[in-house]
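Structural features, examined
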Amino acid sequence: MIANHLVQLAAEEKQNPLVPAGPELLVGAIAFAIVFFFFWKKLLPNINKVLEERREAIEGGIEKAEAAQVEAQSVLEQYKAQLAEARHEAARLRQEAQEQGAALIAEMRAEGQRQREEIVAAGHAQIEADRKAAASALRQDVGHLATELAGKLVGESLEDHARQSRVIDRFLDDLEEKAEATR
């Protein structure tokens, strides 16, 4: 009954479109309180929970990113240290190879010098042997020619070999002594 009465009163009065009628205002306030209570008890905790999880995920992501950045910096430092060590090792190996090369060159030069000296000594020995052989052959030829010439000059044959050798040797020895005296 009261509700009917209110409805009639509302219909009789001229209503302002901006100001709602009293019962509408009461129904709206009750509906607002129900919706507010539902949001307060059900939705707001869920929204806060999701926001908190998101905030933790973001903070955790930032922490993970910072940790990853620190780890990446550490790996970069290790890489740089390994690179510097590898460069140092390469320089050491280069230096060692240069030293070995220099030692090998010096060794090969010494070996070449030794071989050269051996060849020169062998050449001198061969020249001396050839000189002696030539001197001996020359003595025989000179002696033979001298005896033939002497035989022709004297008019007799001087074919006695022993006498011939003695005369030739004496003659050549005299020549050698005179040559040494003039030097």
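Residues numbered from 1 in each chain as written. Predicted model: local features only at pLDDT ≥ 70, side-chain atom pairs only at ≥ 80, totals over all residues. Heavy atoms only, no water.

Right, let's get into the overall build of the protein. Along the protein, the regular secondary structure elements total three helices and zero strands. Reading the helices (α) and strands (β) of the protein from amino to carboxyl end gives α-α-α. In the protein, buried positions account for 4% of the 183 residues. Entry remark: accessible area of the protein is about 16,300 Å², with carbon and sulfur atoms responsible for 62%. (Helix = DSSP H or I, 4+ residues; strand = E, 2+ residues; numbered from the N terminus. Buried < 20%, exposed > 50% of the residue type's maximum accessible area, 1.4 Å probe, protein only. Areas by Shrake-Rupley, 256 points an atom, 1.4 Å probe, with all protein chains shown as cover.)

For the structure shown, the criterion picks out three aromatic pairs. With a centroid separation of 6.1 Å and 20 degrees between ring planes, the pair formed by F32 and F36 is classed as stacked. Within this pair, F32 and its partner F36 are both found in helix α2 (residues 22-154), separated by four residues, close to a single helical turn. On the basis of relative accessibility, which here comes to 58%, the residue F32 falls in the exposed class. One aromatic cluster is present, built from ring pairs that chain together F32, F36 and W40. (Phe/Tyr/Trp six-rings, centres within 6.5 Å; stacked < 30°, edge-to-face > 60°.)

Attention now moves to the pattern of salt bridges. Taken as a whole and judged by the stated rule, the model has seven salt bridges. One salt bridge in this structure joins E52 and R55, with 2.1 Å as the shortest N-O distance. Residue E52 and its partner R55 are located together in helix α2, separated by three residues, close to a single helical turn. Of the residues examined, R55 reaches a relative accessible area of 37% and is grouped as partly exposed. (Salt bridge = Lys/Arg side-chain N within 4 Å of Asp/Glu carboxyl O.)

With that out of the way, let us pick up the confidence of the model for the protein. Mean pLDDT over the protein: 82, with 82% of residues reaching 70 or higher. Confidence, read as mean pLDDT per element, is least for helix α1 (residues 2-12) in the protein (60) and greatest for α2 (88). (pLDDT = per-residue confidence, 0-100.)

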